[in-house]
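# Report on the structure
Spelled out, the chains give:
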Amino acid sequence: MPRRMLVLLALGLAACAATPPEAPRGFVLVKASVLDGSGSDARTVNVRVEGDTIVGVEEGEPPQGYEVIDASGFTLAPGFIDPHSHGDDDLFDHRDALAAVSQGITTIVVGQDGEAPFPLAEFFQQLSTTPVAVNVASYAGHGTLRDQVMGEDFRRAATEEEIEKMRQLLIEEMNSGALGFGTGLEYDPGIYSERSEVVALAREAASWGGRYISHLRSEDRTFWDAVDEILAVGRQAHLPVQISHAKLAMKNLLGQTDRLIALLDAARAEGIEVNADIYPYTYWQSTLTVLFPKRDFEDRKEAEIAVRQVSTPEGILIPRYKPEPAYEGKTLAEIAALRGTDPEETLMDLIREAEAMKATGEENVESVIATSMDEADIEKLMKWEHMSLSTDGELDGAHPRGFGTYPRFFGRYVRERQVMALAQAVQKTTSLPAAQMGLSNRGRIAPGLKADLVLFDPGTVIDRATPSDPHAVSTGIDRVWVNGVLVFEDGKTTGQYPGRALRRE
Ligand SMILES: [Zn+2]
C-alpha cells in the first residue's frame, strides 16, 4: 500500500472520535534530515505546510489535523532555484516541466542570454491562464529589445535614438516585473552593441531596483575583456551583476580560475556586487556561429582556433544539423572523415551550408555541444562563495544539463568527489540563487516562506542524462512540492500546475 494511503487511513481512524472527518489542514513532513538552505547543519525536525506556505519547523509530535508524511531516510531541502534557465523556449508545450521538477527545481529564471519572452506582461498573463508546474521569473532581454527596435538592421552599434527606444521598452518590462536586464553579448544581435549601450540600459534597470545578468561577450578569445565589461557595468550602472554559466573554456585559459576569482573578489571589495552561476559539465551547447566571434566564417585562421584552441575535432559534437541530418550525433572529426576534408575546412563548410538554410527563413538549423572546460576549474569555481548552480538547460534540449544538472552536482561533485559539504551545496542551489535573483520568500525552509520543497536521497542521487540520451530522468529525487502542491513523485510528474509568475519584488 502506498505510504500516502496508510497516512490517510491513520488520519481517518483518528478522526473517528470526532465526526464528521475533516479535510486535513495541511501536511507535516516528519523524520527527514532537514537542510534549511542557510548552510547550517541538518536537523531532524518536522516541516509543517498549510496551503502554499511553510507554517512550522518544529520538534515533537506533529499537531492534530495534518496529513503526516514519513520522510525518514531522506533529506528535505528548499526546492532548487535555477538562475539561468532556457525553460521559456517551450514551457507551454511542457507544462509539467519534467526536466526541471525531476531534478528538484521548483523555480526557473528565464529571459537569459538577452532573449526574453516579450512583452513580459503578456507572458506573465499567459502563465496565470495556462499555469505550469514550476515558478517562473524573467529578465528583460537586451537582444529582444534590439530586435524590436532595430529588426534586421542589427549588425552595428545602436544610435542614441534607438537606445532611447530600447530604454522605453525596458521601462515597460521592468514595470511588468522583470528581475532586471539580461544580455547575451556573444550572440546576435547583442554582439554588435557597444559597452555604452549596455551601460545605458543597465542604468534604467538599476533605477527600478533591478539587476543585470549576462552571457559575456566572449567565453574564450577575449574572455578577460568580457569580464572587465561586466564589472564596468556594475561599477557604472550601480546594480548587482551576474556572470551566467561561468567557465574557462579555451586551452590558454584552463587553470586560470584563481586569476578570475581574484578579479571578482577585488571587484566586490570595491563595492560591485558581482555574482555568478555554473553548470557541472565540461561541455557547453550553443550554435556553431559562436565559434567565430567576428562572424568571419570563411577565415581559416579562426576555424583553426575554434578546432584547436576552443575545443578539439573529437570534442565538437553536432546534435542538430538540418542540412544533413545524417551528421546529427556525430563529432566534427567523424564528419570530417565522412566528407574527406580536414576539420577546419569541414567546420567552415558546415557553417556555410547552415547559414544558407537559415537565409531561407528556416529556424533551429544547427547546434553544437563542445568540450572546452576542465574539471579542476569547475570544482574550484563551484566553491567560490558567490557561485550558485544553474542548468543553462531547456525542457526539451539536446544537452543533458536540461535534466541532469542538480543530481549530477549532488551525486558526482558533492558525494563522490566531496568538493563541498552537503549543507553548503544546498545553500548554493537554494538561498544563494534566491538572493542573487532578489526572491525573498523562497530558497529557505522557515515559517512564512513559500512551500517549495524537494525530498531527496543524498546517498543515491545521480544524473542519468547523457549527450546520447539527454532526457533520461535522474534517480534519487523522491518528491517535489511547488507552493505546497506535489508535482513530482515515483519518477513521474503529478499533472498539477501550481507554479506562479514571480515578479520583481
Ligand atoms: Zn548563455
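Look above for the structure.
Not measured: the values here are computed from a predicted model. (Residues numbered from 1 in each chain as written. Predicted model: local features only at pLDDT ≥ 70, side-chain atom pairs only at ≥ 80, totals over all residues. Heavy atoms only, no water.)

### What to know about helix α11 (residues 343-359)
- With 17 residues, α11 should reach 24 Å at 1.5 Å per residue; the first-to-last C-alpha distance of 24 Å fits that figure.
- Within α11, burial applies to P343, E344, T346, L347, M348, D349, L350, I351 and A354.
- Tucked into the core, α11 has its buried residues touching α9 (300-310), β17 (316-321), α10 (332-339) and β19 (366-371).
- Positioned one or two residues after α11, G361 has a phi angle of 100°, which is positive. (Helix = DSSP H or I, 4+ residues; strand = E, 2+ residues; numbered from the N terminus. Expected span 1.5 Å × (residues − 1). Buried < 20%, exposed > 50% of the residue type's maximum accessible area, 1.4 Å probe, protein only. Contact = heavy atoms within 4.5 Å.)

### A short note on the sheet that holds strand β6 (residues 66-70)
- Spatial strand order, β5-β4-β1-β6: four strands in an open sheet with mixed pairing. On the outer flanks of this sheet lie β5 (53-58) and β6, each paired with one strand and no other. Adjacent strand axes in the sheet meet at a mean angle of 20° when their direction is disregarded.
- Pairing geometry for strand β1 (residues 26-30) and β6, over five bridges, is parallel. Each bridged residue has a counterpart across the sheet, and for F27 the counterpart in β6 is E67. (Pairing = 2+ DSSP bridges. Axes fitted to C-alpha atoms, helices over the stretch in contact; angles between N-to-C directions.)

### Re empty space enclosed by the protein
- Enumeration according to the criterion identifies five cavities of 30 Å³ or more in this entry.
- When its volume is computed, the largest cavity comes out at roughly 70 Å³.
- Taken together, H245, A246, K247, L248, I278, Y279, Y281, M373, D374, D377, I378 and L381 form the lining of the largest cavity.
- Along the lines of polarity and charge, the residues of the lining of the largest cavity split into eight nonpolar, one polar and three charged.
- Approximately 60 Å³ is the volume found for the second largest cavity.
- Elements with a contribution of two residues or more to the lining of the second largest cavity: α2 (98-101) and β9 (105-110).
- Counted by class, the lining of the second largest cavity contains five nonpolar, four polar and two charged residues. (1 Å grid on protein atoms, 1.4 Å probe; cavity = no way out; pocket = protein on both sides within 12 Å on 5 of 7 lines; lining within 4 Å. Points joined across faces, edges and corners; volume = space filled by probe spheres on them. Nonpolar A, V, L, I, M, F, W, Y, C, P; charged D, E, K, R; others polar.)

### What about the pattern of salt bridges?
- Taken as a whole and judged by the stated rule, the model has 37 salt bridges.
- A salt bridge links D188 to R295; the shortest N-O distance between them is 3.2 Å. Linking D188 in the loop between β12 (180-184) and α6 (195-207) with R295 in the loop between β16 (283-286) and α9, this pair joins segments that are 107 residues apart in sequence.
- Close ionic contact of R221 with D220 constitutes a salt bridge, the shortest N to O distance being 3.3 Å.
- Using a relative accessible area of 22% as the deciding quantity, one classes R221 as partly exposed. (Salt bridge = Lys/Arg side-chain N within 4 Å of Asp/Glu carboxyl O.)

### Here we look at the packing of aromatic side chains
- One pass over the full model with this rule turns up 15 aromatic pairs.
- With a centroid separation of 5.9 Å and an interplanar angle of 40°, the aromatic rings of F123 and F124 are classed as tilted. Like F123, the residue F124 is buried in the burial classification.
- An angle of 55° between the planes, with centres 5.2 Å apart, marks the rings of F410 and F456 as tilted. Of this pair, F410 sits in helix α13 (residues 401-416) while F456 sits in strand β21 (residues 453-456), and the two are 46 residues apart along the sequence. The same class applies to F410 and to F456, which are both buried.
- Looking at R95, its charged tip hangs above the ring of Y497, at a distance of 4.1 Å from the centre.
- When the ring centre of Y413 is taken as reference, the NZ or CZ atom of R417 above it lies at 4.3 Å. (Phe/Tyr/Trp six-rings, centres within 6.5 Å; stacked < 30°, edge-to-face > 60°. Lys NZ or Arg CZ within 6 Å of the ring centre and 35° of its normal.)

### Some points on the nonpolar core
- Formed by 123 residues in total, the largest nonpolar core has its most connected members in Y212 and L347.
- Sorting elements by how many residues they give to this core places helix α7 (residues 223-237) first, with eight residues.
- Setting aside residues no more than four positions away along its own chain, Y212 makes contact with F181, T183, L185, V198, A202, I230, V233, L239, P240, V241 and Q242.
- Counting residues in hydrophobic clusters, the runner-up holds 18 residues, among them F74, I445, L455 and L486. (Core = buried A, V, L, I, M, F, W, Y, C linked by side-chain atoms within 4.5 Å.)

### Section: the side chain of D88
- Mapped onto the secondary structure, D88 falls in the loop between β8 (80-82) and α2.
- Within the buried set, D88 has no salt-bridge partner at all; the shortest N-O distance to an opposite charge, 11 Å, is to R401.
- What D88 contacts, discounting residues up to four positions off in sequence, is V110, G111, E115 and P117. (Lys, Arg positive; Asp, Glu negative; His and termini not counted.)

### Looking at the coordination of the zinc ion
- Surrounding the zinc ion are the protein donor atoms D113 (OD), D113 (OD), H215 (ND1) and H245 (NE2), at 2.0 to 2.4 Å.
- For the zinc ion, the four donor atoms in the first shell make angles of 55 to 150° at the metal, a pattern classed as irregular.
- For the zinc ion, the donor residues sit on a single chain with the sequence spacing D-x101-H-x29-H. Placement of the pair is H215 in strand β13 (residues 211-215) and H245 in the loop between β14 (241-243) and α8 (257-270), with a sequence separation of 30 residues. The same class applies to H215 and to H245, which are both buried. (Donors = N, O, S within 2.8 Å, 3.2 Å for Na, K, Ca; no water. Tetrahedral: all angles 85-135°; square planar, octahedral: opposite > 155°, others 65-115°.)

### Points about the sheet that holds strand β7 (residues 75-78)
- Pairing in this open sheet of seven strands is mixed, and the strands run β3-β2-β7-β21-β22-β23-β24 from one edge to the other. Each end of this open sheet is capped by a strand with a single partner; those strands are β3 (43-44) and β24 (492-493).
- Two strands pair when backbone bridges link them, and strand β2 (residues 33-34) and β3 are joined in this way by two bridges, in the antiparallel orientation. If you follow S33 over to β3, its bridge partner there is T44.

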